[in-house]
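Secondary and tertiary structure notes
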Amino acid sequence: MASNPKKIVVAYSGGLDTSVMLKWIKEKYGSAVVAYAANVGQGDEELEGLEEKALATGADECHVLDLRDEFAGDYVFPMLRAGAVYEGSYLLGTSIARPIIAKGQMDIVRKTGADAVGHGATGKGNDQVRFELTYKAIDPAIRVIAPWREWDFGGRNQLIAYAEANGIPIPVTAEKPYSMDRNLLHISFEGGVLEDPWAEPPEDMFRLSVSPENAPNEPAYVEIGFEGGDPVSIDGDILAPCPLMERLNAIAGANGVGRVDLVENRFVGMKSRGVYETPAGTVLHCARRGVESLTLDREVLHLRDSLIPKYAELVYNGFWFAPEREFLQAAIDQAMAAVTGVARVKLYKGACQVVGRKAPAENNLYQPELATFEEDSIYSHKDAEGFIRLNALRLGVRTRGQS
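It should be emphasised that the depicted structure is a prediction, and the values quoted were computed from it without experimental measurement.

Cut-offs used in this document
Residues numbered from 1 in each chain as written. Predicted model: local features only at pLDDT ≥ 70, side-chain atom pairs only at ≥ 80, totals over all residues. Heavy atoms only, no water. Core = buried A, V, L, I, M, F, W, Y, C linked by side-chain atoms within 4.5 Å. Buried < 20%, exposed > 50% of the residue type's maximum accessible area, 1.4 Å probe, protein only. Helix = DSSP H or I, 4+ residues; strand = E, 2+ residues; numbered from the N terminus. Contact = heavy atoms within 4.5 Å. Salt bridge = Lys/Arg side-chain N within 4 Å of Asp/Glu carboxyl O. Pairing = 2+ DSSP bridges. Axes fitted to C-alpha atoms, helices over the stretch in contact; angles between N-to-C directions.

Here's the deal with the nonpolar core
In this structure, F71, L92, I96, I224 and Y311 are the most contacted members of the largest nonpolar core, which totals 73 residues. Among the elements that take part in this core, helix α5 (residues 93-112) stands out by supplying 8 residues, more than any other. Residue contacts for L92: discarding those within four places in its chain leaves M79, A84, V85, Y86, L185, A312, V315 and Y316. By size, the runner-up hydrophobic cluster in this structure holds 28 residues, among which are V20, L22, V33 and A59.

Okay, structure coming up:
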């Protein structure tokens, strides 16, 4: 049997699972425990007092890394360039946060000389895979402590009871047991009352958006500027990735945009119900496609779209630091170099619609003189006859063969 690790860096959020985990690991292994938290845009209220709470719960030291700029620019934006959507509607807000959180955790491992890492992901979920694939991509020899695969707690109600018995403050109660995970791109909700796929999510659960019914009665218009496939401005104001997403979250959320309720297929094999709020991400997906419609060649656009399910699956399953994702990213980014322009988006009671788009002449493939229904000197209508005849040839051959 392997000896206990000397020092364990634990991914710590201050939530139910990780709060219990700190004390449990200390009791189980007797190792030095380093609490680590990543600021990926979950808000000051979740980070305030986190270090004090970690130390009071059993951590020997605590490190909080501000990863918001890196998260937005090096993780969210590349994924947005790929148009990644999992199973038709999930914009991968939790999935894309896990690799940067795990990478930051491994940075703390090197900084503190730790020989193990720990996480609070359950043995049923996707996050255990996402965290551990990232750990192993960075250091294949790192030891992983996963309490949900070791301890005897049967579920979150038992964790709540353990926390209460040990004086551990937690943000979850038996009356409101659903789990919430927030970052710059979205908030996810799962578990508890949401495990019944027929039950409508309670309205007081939502944080980033108003209900469409309570959104303003007048539409809001916002102009998103893109360069090389990345959003760079809102209504003409040039913004860095993080503040751009923060501003757009506020604008879109105020108009009820970005709510998704779905039953998804987890990587480990089961179905799971998740509810998500992704205001900025929803608008950016919509706006980018508006600019792409002007600037991407038809075959390049269709080929990129054919890659979306595979790319999204790789992100969902935790293969961010994998050669196949990097291969797809390189191809996608080459195509996205042409995607420069502005999309005007209309936001109204939960709906998001592109109502205008423009691009500089050197990027714009839309030519009014070709598309017009009026007389032009470029396109000959007679040419269409031969085009149709050639495309119909194989269809006719099949028909003659069947007669």
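Next comes the rest of the write-up.
A look at the pattern of salt bridges
All chains considered together, the criterion is met by 25 salt bridges. Here E27 ties to K23 by a salt bridge, and the two come within 3.6 Å at their closest N and O atoms. Linking E27 with K23, this pair stays in helix α1 (residues 16-29), spanning 4 residues, or about one helical turn. On the accessibility criterion, E27 (52% relative accessible area) is exposed. Residues joined in a network through salt bridges with shared partners are R288, R289, E292, R304 and D305.

Considerations on the sheet that holds strand β14 (residues 351-358)
The strand order β10-β9-β8-β13-β14 describes an open sheet built from 5 strands, whose pairing is antiparallel. A single partner strand is all that each edge strand has here, and the edge strands are β10 (237-238) and β14. Note that strand β9 (residues 230-234) and β10 share 2 bridges and pair antiparallel. Paired with I234 across the two strands is D237, which belongs to β10. Sitting on the sheet, helix α8 (residues 241-254) touches β8 (220-227), β9, β10 and β13 (341-348), and the angle it makes with β9 is about 65 degrees.

With respect to the sheet that holds strand β11 (residues 259-265)
Backbone hydrogen bonds hold the strands of a sheet together, and the pairing may be parallel or antiparallel. In spatial order, the strands read β6-β7-β12-β11; together these 4 strands make up an open sheet with antiparallel pairing. The sheet is open, and its two borders are formed by β6 (179-182) and β11, each paired with just one other strand. For this sheet, the mean angle separating the axes of adjacent strands, direction not counted, is 25 degrees. Bridge count between strand β7 (residues 187-190) and strand β12 (residues 271-277): 3 bridges; the pairing is antiparallel. Its bridge partner lying in β12, S188 is registered against Y276.

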